[in-house]
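Observations on chain architecture
The residues making up each chain are set out below.
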Amino acid sequence: MKVKITTDSASDLNELFNSREIGAFPLYVMLGDKQFSDSVDLESSKIFEFYNQTGKLPTTAARSIEDFYEYFKSFTDDGFAVIHIAISSCISSTFEYAHTAAERLEKVYVVDGRSLSSGTGLLALAAADLRDSGMDAPQIVKIIEERKKYVQASFMINTLDFLYKGGRCSGLSAFFGKAFSIKPTLQLIDGKITVVRKFLGNFNKNIIKYVDYTLEKYNTPDMTRVFITHTYADKSAVEAVRNRLIDFGFSPDNIIETIAGSTITSHCGKSTLGILYINDGNK
C-alpha cells in the first residue's frame, strides 16, 4: 500500500514539505480577531509587525477533529496509508485531535512526536526516507516511535516576552524581569519545553556557546541532517553556527537552514535560533 507522510505545519520544513512529498497540515494563527493558516496565508515576519503595532501577542490553535478526519480521508480515499507525526502532545492538542480522527479510519497512524518545529520535521523526514526505501506503514511507525526518543531539539531565545507572556514555559518565571540580557536555552525534554541553561549578554556572542554546549552534551548525532532553524536571526549568527557545525563534522550539504513558521514564531519571538538533530549516531 502507498504511504503518505504528513505532519503539522509547525514542523517548519519550508520547501522540504513539497520536495519530499510530506503533507503539511496548517495550524491556525490569530492576529487579533483575524484568523490565518500557518505558512499558507501568513508569513512569520508579519508576527513582529502585529506585535510592534498592537503590543498584543498572536494566539495559535489546533485544527478540529473533523478537519483532521477530512484531511486524512483525502489520502485514504486515494489508497494511501497515512502516517501523521504531530508536534508534542504536551504543548498542543494536535496529537489528541489527530488521533481521535484517525480512529474513524483504517490505515491511519498518528505519532506523538514529543517535539516541535524542525525537531518534529526530523521525524517526518526520517519517515519519508523509510517510505522511499519501500517500507510499509507499520514498519515505519515502529522505527519512528523508537527514534523520537533521540531527537535533540533546542533553541536559544533572544527575547523573553513572547514565551513568558504566552505561558508556554513556566521555568522562565524564575528570572524573567531580572535582566533582559539573559538568553535562555530551551530544550524539549519528555515532550515539554524546559530551561536547560542561561547565557548572559549579547545574543550573537553567546550563540556559539550554546552550540558547543549542545554538541558536547549530545555528541553522537546522526550526521544525515542537522537543522538550523530560526526566526529571522542575524545572518552573521546563522553563518557562525553553520561554520561551527562544519567544524564538528557535519557535511555542508547536510546542514539545513529553515525559517520557523508563524506558529512557532508566535511563541518564540524574533531571533530565536536552534540546532536540531537526531542524536543516535552511535546506534
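That block above? That's the structure.
What this report covers is the structure whose coordinates are included nearby. (Residues numbered from 1 in each chain as written. Predicted model: local features only at pLDDT ≥ 70, side-chain atom pairs only at ≥ 80, totals over all residues. Heavy atoms only, no water.)

Comments concerning the sheet that holds strand β3 (residues 28–31)
Strand order in the open sheet made by the three strands is β4-β3-β5, with antiparallel pairing throughout. Two strands in the sheet have a free side with no partner beyond their single neighbour: β4 (34–37) and β5 (59–61). The mean angle between the axes of side-by-side strands here comes to 30°, regardless of whether they run parallel or antiparallel. One ladder, built from three bridges, connects β3 with β5; its direction is antiparallel. Residue pairing for β5: Tyr28 is matched across the bridge by Ala61. (Pairing = 2+ DSSP bridges. Helix = DSSP H or I, 4+ residues; strand = E, 2+ residues; numbered from the N terminus. Axes fitted to C-alpha atoms, helices over the stretch in contact; angles between N-to-C directions.)

Things to note about helix α2 (residues 45–54)
Three or more residues of α2 are buried, namely Ile47, Phe48, Phe50 and Tyr51. Axial view of α2: buried residues confined to an arc of 165°, hence all on one face. Opposite the packed face of α2, turned more than 90 degrees from it, sit the exposed residues Asn52 and Gln53. Immediately downstream of α2, the backbone of Gly55 shows phi near 75°, a positive value. (Buried < 20%, exposed > 50% of the residue type's maximum accessible area, 1.4 Å probe, protein only. Arc of directions from axis to C-beta.)

Some details on the sheet that holds strand β9 (residues 182–189)
Strand order in the open sheet formed by six strands is β10-β9-β8-β13-β11-β12, with mixed pairing between adjacent strands. Looking along the sheet, the strands with just one partner apiece sit at the ends: β10 (192–200) and β12 (255–259). Between one strand and the next, the sheet's axes are offset by a mean angle of 20°, whatever the strand orientation. Bridge count for strand β11 (residues 226–230) against β12 is five bridges, and the pairing is parallel. Paired with His230 across the two strands is Ile259, which belongs to β12. Running over the sheet, helix α9 (residues 235–248) touches β11, β12 and β13 (273–278) and is turned about 165° from β11. (Contact = heavy atoms within 4.5 Å.)

Quick notes on the pairing of strand β7 (residues 108–112)
With four of five residues buried, β7 lies mostly within the body of the structure. With five bridges connecting them, strand β6 (residues 80–86) and β7 associate as parallel partners. When the sheet's bridge partners are listed, Val82 is paired in β7 with Val108. For the segment spanning β6, helix α4 (residues 94–102) and β7, crossover handedness is right-handed. (Right-handed = clockwise from strand over helix to strand, strands pointing away.)

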